[in-house]
Amino acid sequence: AIIILETVIAEYPDRTVGYLNLGDALMKNGLKIKARKIYNRYIELMRAKGKQNEIPQRLFAITKP
């Protein structure tokens, strides 16, 4: 799933949900640092679209430095 999601994001960088899905896949595979970076990008995109209220709250605990 990680390879597919990385391909989707590379081809469609504005596909916001792809970042969330990739972050989840990375976390499930123990790649926490990489997942944090991807989740932060997801949060940035959501905020830029004015959808900050739709960001899953669980991400804020994960993305804290």
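Report follows, based on the coordinates. (Residues numbered from 1 in each chain as written. Predicted model: local features only at pLDDT ≥ 70, side-chain atom pairs only at ≥ 80, totals over all residues. Heavy atoms only, no water.)

In terms of regular secondary structure, the chain is built from four helices and zero strands. Overall, the chain is about 30 × 25 × 15 Å in size when its C-alpha atoms are taken along their principal axes. Sorting the 65 residues of the chain into buried and exposed places 34% on the buried side. Taking as baseline every contact in the chain between residues at least 6 positions apart, the subset at least 24 positions apart corresponds to 31%. For the chain, the computed accessible surface area is about 4,500 Å², with 55% contributed by carbon and sulfur atoms. Each charge class in the chain was averaged separately, 12 positive and 6 negative side chains, and the resulting centres sit 7 Å apart. (Helix = DSSP H or I, 4+ residues; strand = E, 2+ residues; numbered from the N terminus. Buried < 20%, exposed > 50% of the residue type's maximum accessible area, 1.4 Å probe, protein only. Contact = heavy atoms within 4.5 Å. Areas by Shrake-Rupley, 256 points an atom, 1.4 Å probe, with all protein chains shown as cover. Lys, Arg positive; Asp, Glu negative; His and termini not counted. Charge placed at Lys NZ, Arg CZ, Asp CG, Glu CD.)

The biggest cluster of nonpolar side chains holds 17 residues, and the ones touching the most others in it are Tyr-19, Leu-22, Leu-26, Tyr-42, Ile-55 and Leu-59. Elements supplying a minimum of two residues to this core: helix H1 (2–11), helix H2 (16–28) and helix H3 (32–48). The element that contributes the greatest number of residues to this core is H3, accounting for seven residues. Apart from residues lying up to four places away in sequence, Leu-22 is in contact with Ile-2, Leu-5, Glu-6, Ile-9 and Ile-38. (Core = buried A, V, L, I, M, F, W, Y, C linked by side-chain atoms within 4.5 Å.)

Attention now goes to the packing of H2 against H3. Relative to each other, H2 and H3 sit at 160°, their axes nearing to 8 Å. Put simply, H2 runs roughly antiparallel to H3. The two elements H2 and H3 meet at a crossing, and its hand is left-handed. Contacts between H2 and H3 involve Thr-16, Tyr-19, Leu-20, Leu-22, Gly-23, Asp-24, Leu-26 and Met-27 on the former and, on the latter, Lys-32, Lys-34, Ala-35, Ile-38, Tyr-39, Arg-41, Tyr-42, Leu-45 and Met-46. Of the residues assigned to the contact of H2 with H3, the class counts are 11 nonpolar, two polar and four charged. (Axes fitted to C-alpha atoms, helices over the stretch in contact; angles between N-to-C directions. Parallel < 35°, antiparallel > 145°, perpendicular 65-115°, else oblique. Left-handed = near helix turned anticlockwise from the far one by under 90°. Nonpolar A, V, L, I, M, F, W, Y, C, P; charged D, E, K, R; others polar.)

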